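Descriptive analysis of the structure
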2 protein chains.
Amino acid sequence: MSYFRKHLELIAGYQPGEQPQDGQYIKLNTNENPYPPSPLVVETLMENLTKHRLSYYPSPLCDELREQASAVYGYPSDWILVGNGSDELLSIVFRAFLGKGDWVLYPYPTYTLYRVLALLQEANFGEIPFEKDYSIPKKVLTGQAQLKIVCNPNSPTGTFLSTMIIENLIKNSSCPVIVDEAYVDFAYDNALPLLKRFPNLIILRTLSKSFSLAGIRVGFLIAQPEMIQGLLKVKDSYNVNWFSQKAAMAALRDLHYMRNNVEKIKQTRKEFSQAMSKLGYEVLPSEANFVMVRKPGENLESEYLYLKKNHILVRYFTEWPDSMRISIGTDSNMQLIIQILKNMTKDNKNDL
Amino acid sequence: MSYFRKHLELIAGYQPGEQPQDGQYIKLNTNENPYPPSPLVVETLMENLTKHRLSYYPSPLCDELREQASAVYGYPSDWILVGNGSDELLSIVFRAFLGKGDWVLYPYPTYTLYRVLALLQEANFGEIPFEKDYSIPKKVLTGQAQLKIVCNPNSPTGTFLSTMIIENLIKNSSCPVIVDEAYVDFAYDNALPLLKRFPNLIILRTLSKSFSLAGIRVGFLIAQPEMIQGLLKVKDSYNVNWFSQKAAMAALRDLHYMRNNVEKIKQTRKEFSQAMSKLGYEVLPSEANFVMVRKPGENLESEYLYLKKNHILVRYFTEWPDSMRISIGTDSNMQLIIQILKNMTKDNKNDL
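Residues numbered from 1 in each chain as written. Chains lettered and ligands numbered in written order. Predicted model: local features only at pLDDT ≥ 70, side-chain atom pairs only at ≥ 80, totals over all residues. Heavy atoms only, no water.

Helices and strands together make up the secondary structure of chain A, namely twelve helices and twelve strands. In terms of overall dimensions, chain A is globule-like: its C-alpha atoms have a radius of gyration of 21 Å, near the 20 Å expected for 352 residues. C-alpha atoms of chain A, sized along the principal axes, occupy 65 × 50 × 50 Å. Surface accessibility of chain A: about 13600 Å² in total, with carbon and sulfur atoms responsible for 51%. Treating the 38 positive side-chain charges of chain A as one cloud and the 37 negative ones as another, the clouds have centres 1 Å apart. (Helix = DSSP H or I, 4+ residues; strand = E, 2+ residues; numbered from the N terminus. Rg over C-alpha atoms; globule rule 2.2 N^0.38 Å. Areas by Shrake-Rupley, 256 points an atom, 1.4 Å probe, with all protein chains shown as cover. Lys, Arg positive; Asp, Glu negative; His and termini not counted. Charge placed at Lys NZ, Arg CZ, Asp CG, Glu CD.)

What follows concerns the sheet that holds strand β9 (residues 282–283) of chain B. Residues and elements named next belong to chain B. Pairing is antiparallel across the open sheet formed by three strands, whose spatial order is β9-β10-β12. Each having just a single partner strand, β9 and β12 (323–327) make up the two edges of the open sheet. Pairing analysis gives two bridges linking β9 to strand β10 (residues 290–294), with the strands arranged antiparallel. The partner of E282 across the bridge, within β10, is R294. (Pairing = 2+ DSSP bridges.)

It is common to report an interface's size as the accessible area lost on association of the parts. Counting residues at the interface gives 75 residues for chain B and 75 residues for chain A. Carbon and sulfur atoms supply 59% of the area that chain B and chain A bury against each other, a total of about 6300 Å² over both sides. Three residues, Y3, Y57 and K233 of chain B, lead the burial of chain B against chain A; their summed loss comes to 13% of the area buried on that side. Counting across the interface, chain B meets chain A through 32 residue pairs in polar contact (both at pLDDT 80 or more). (Contact = heavy atoms within 4.5 Å. Buried area = accessible area lost by both parts, 1.4 Å probe. Polar contact = N/O pair within 3.5 Å; in protein donor to acceptor, adjacent residues only side chain to side chain.)

The next subject is the environment of L89 of chain A. Residues and elements named next belong to chain A. With respect to the helices and strands, L89 occurs in helix α4 (residues 85–97). A sequence separation of 146 residues divides L89 from K235, and the C-alpha atoms of the two residues are 8.5 Å apart. Setting aside residues no more than four positions away along its own chain, L89 makes contact with L81, V82, G83, L204, G219, F220 and L221.

Right, let's get into unusual backbone geometry. With omega at 10 degrees, the peptide bond leading from S155 of chain A into P156 of chain A counts as cis. The residue P156 of chain A is located in the loop between β5 (147–151) and α7 (163–171) in this model. Here the bond from N152 of chain B into P153 of chain B is cis, since omega is -5 degrees, no more than 30 degrees from zero. When you line up the elements, P153 of chain B lands in the loop between β5 (147–151) and α7 (163–171). Phi at E122 of chain B takes a positive value of approximately 60 degrees, unusual for a residue other than glycine. Positive phi is not limited to glycine here, since Y134 of chain B has a value of about 60 degrees. Position of Y134 of chain B among the secondary structure elements: in the loop between β4 (124–129) and α6 (138–142).

For the rest of this paragraph, the subject is the sheet that holds strand β10 (residues 290–294) of chain A. Within the open sheet, the three strands sit side by side as β9-β10-β12 (chain A). Their pairing is antiparallel. Among the strands making up the open sheet, the edge pair consists of β9 (282–283) and β12 (323–327) of chain A.

Core analysis: the biggest nonpolar cluster contains 156 residues, and F220 of chain A together with F220 of chain B have the highest contact counts within it. Every residue in contact with F220 of chain B, bar those within four places of it in the chain, is listed here: L65, A69, Y73, I80, L81, V82, L89, I203, L204, R205, L207 and L252 of chain B. If you look at the next biggest cluster of nonpolar residues, it comprises 72 residues, including L8, A96 and A223 of chain A together with L204 of chain B. (Core = buried A, V, L, I, M, F, W, Y, C linked by side-chain atoms within 4.5 Å. Buried < 20%, exposed > 50% of the residue type's maximum accessible area, 1.4 Å probe, protein only.)

Our next topic: the side chain of E287 of chain B. Residue and element names in this part refer to chain B. If you trace the backbone, E287 turns up in the loop between β9 and β10. As a buried residue without a salt bridge, E287 has its nearest oppositely charged side chain in R269, at a separation of 4.4 Å. Only 3.1 Å separates the side chain of E287 from the backbone nitrogen of Y188, close enough to count as a polar contact. With near-sequence residues (within four places) excluded, E287 lies in contact with P153, G158, F160, Y183, F186, A187, Y188 and R269. (Salt bridge = Lys/Arg side-chain N within 4 Å of Asp/Glu carboxyl O.)

A few words on the packing of aromatic side chains. Under the counting rule described, the total for this entry stands at 29 aromatic pairs over all chains. Taken together, a centroid distance of 5.5 Å and an interplanar angle of 75 degrees make the contact between Y111 of chain A and Y114 of chain A edge-to-face. The exposure classification of Y111 of chain A matches that of Y114 of chain A, with both residues buried. Relative to Y111 of chain B, the ring of Y14 of chain B has its centre 5.7 Å away and its plane inclined at 85 degrees; by these criteria the two rings are edge-to-face. (Phe/Tyr/Trp six-rings, centres within 6.5 Å; stacked < 30°, edge-to-face > 60°.)

Before going further, it helps to examine the environment of Q339 of chain B. Within the secondary structure, Q339 of chain B is located in helix α12 (residues 331–351). The sequence separation of Q339 of chain B and K132 of chain B amounts to 207 residues, and the corresponding C-alpha distance is 31 Å.

Residue and element names in this part refer to chain B. Here N261 lies in helix α10 (residues 255–278). Exposure remark for N261: the relative accessible area of 2% places this residue in the buried category. For the pair N261 and P36, spaced 225 residues apart in sequence, the C-alpha to C-alpha distance is 9.3 Å. Apart from the residues within four sequence positions on either side, N261 is in contact with Y35, P36 and S212.

This part covers the relation of the copies chain B and chain A. Two chain copies here: they are related by a rotation about an axis and a translation along the same axis. Take chain B, turn it by 180 degrees, move it 0.0 Å along the axis, and it overlays chain A with an RMSD of 0.0 Å. This pairing of chains is accounted for by a two-fold axis. (Least-squares fit on C-alpha atoms with pLDDT ≥ 70 in both.)

Per-residue pLDDT for chain A has a mean of 95; in total, 98% of the residues score no lower than 70. In the model output, the complex is listed with pTM 0.95 alongside ipTM 0.94. (pLDDT = per-residue confidence, 0-100.)

To continue, consider the packing of α4 of chain A against helix α5 (residues 113–120) of chain A. All names here are of chain A. Axis separation between α4 and α5 bottoms out at 10 Å; the angle between their running directions is 40 degrees. Taken together, the axis directions place α4 and α5 in an arrangement best described as oblique. With respect to the hand of their crossing, α4 and α5 are arranged in right-handed fashion. Where α4 approaches α5, its residues D87, L90, S91 and F94 are matched on the opposing element by L113, Y114, L117 and A118. When its residues are assigned to classes, the contact of α4 with α5 shows six nonpolar, one polar and one charged. (Axes fitted to C-alpha atoms, helices over the stretch in contact; angles between N-to-C directions. Parallel < 35°, antiparallel > 145°, perpendicular 65-115°, else oblique. Left-handed = near helix turned anticlockwise from the far one by under 90°. Nonpolar A, V, L, I, M, F, W, Y, C, P; charged D, E, K, R; others polar.)

Shown next, in the form of structure tokens:
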């Protein structure tokens, strides 16, 4: 006999990418940043650790951190909700807008967590394939739903929808629209300026990617204050611990450091994309800190396994077997991948 | 026009206790520990901070921390789920077992978050008043529901149900039963030994109280492995950040330090309870790190405000206006409360 709600029996939870903790791999599978966070982060923590604050609950709304984020994102602090990573913020939004039988629409392929969160709410999900050129599918643009999401830049494709398209989507939608901008610091534009005009727009940001802080679990949801007030009802009271609040504040004070890393990664992305093209892969144009490489119709599992054998982890999804998603690491990380894939071709040839 | 699900419009979120971050108050309102955490916690963090781990996602299931918790709680690590505070674990359990129209039963008064979590699920909550002597209400013991909870020791009363009663409750229930043991390290017994025999038992523990680590947000859910497997589907992938995993491991390695603080607090609790009785308060027998003091039929708001004016925060709930819940601080904290309440009586007399 099961105690669980019936719909839970039928679903599998989200499967996160492999997270070996032993340092044996070059991790290019979950879009982490190859550079450490700003030195201010560690300095700030070192200074504060001995001040006997750990016994006390942290600020429930992250008051000081919201002020700091306000200065960075250009909206007042009551437009900002801080989450235990943007995954928690996604979960809050799904719980706030979707009940049994409701619909969420999003372009596909995308972050597979959206599907899991819809299933947890007993909601229907419309996974509408991107157009051939990775532009927005018409059904997402004009369809009826209780919630729409675009991940922009999109994972796993890395492709980007222009702000004009996003504006069009919002205008065409009577429901809330989430623009998940986890990777947007690596892109040429973003949707923040639209917030003023659209009460149904919700933007998600994270410190996990451009700020090199996946380990601290801090994300931001930015929307008009009425939206924030409603979402707060669903949030756990003390959802962001004291350390992470302090670390996030330090990181946001050092934007120059973050931007410098982002520029390095964009340069590496460009060189890696060219090299992979030369190797015969289709490389999707990326505005993120990863690229999706494809061999349409082939199965790239052996490439994934060969790289893993050589201590490099990339992301292989059984749902899209002719593709790999490769996070952008350092220049030498990426040169190593190219070298290993070249060797693999030689090895195979020798096998024949 | 509102975008939110209808039932959300009608509910208020949980109101956490005041959390002033300015150090102007002696905080005895949210049952924090007056003693700092084990020095091992800060030492461990200092050692690890420079090791460049913050860029990477933490272990999704807190593998090492589960091992450490396994050694402390005496069950294998696949019996343990680590949460971002036990609040997150409560939210996971409510989402896993309660849908629209389902019932949760619990004795009342208790942690008011249970009500909010039920409302978020569109579930019904049966708040059954404790018997006069704070024993378990019959309706909780034998009623039909999809979920039952006892907070034991209970907040805000501090009262405790014996393990025999808990066993009775579980045997009488065909649904999952949560025993929320946030405060149990301050009590004379606990329900852990029952787990082996009952697949419907779920025990919650936290590092926020006895381990002096409210700031890091770490809680444990302990249950049979089938239960854990089902609950994992609802959990966010990376719900506990890297710092908190490290800090929690260090704290669990220093049980002697925790137990020593617990003994001090129990001694202070005894002396404070006697002193408050002498002052004319009804003091409920407490097995927790706080006591509830009452003047049945009177309104204690002026006492609460007078203490606050004197820089001491205690918890006053408008739902139970003839009571205050006072966390046990240091001996001198508690002597100060007694002194202030004595002065207040004098001040009032002078006013007359």
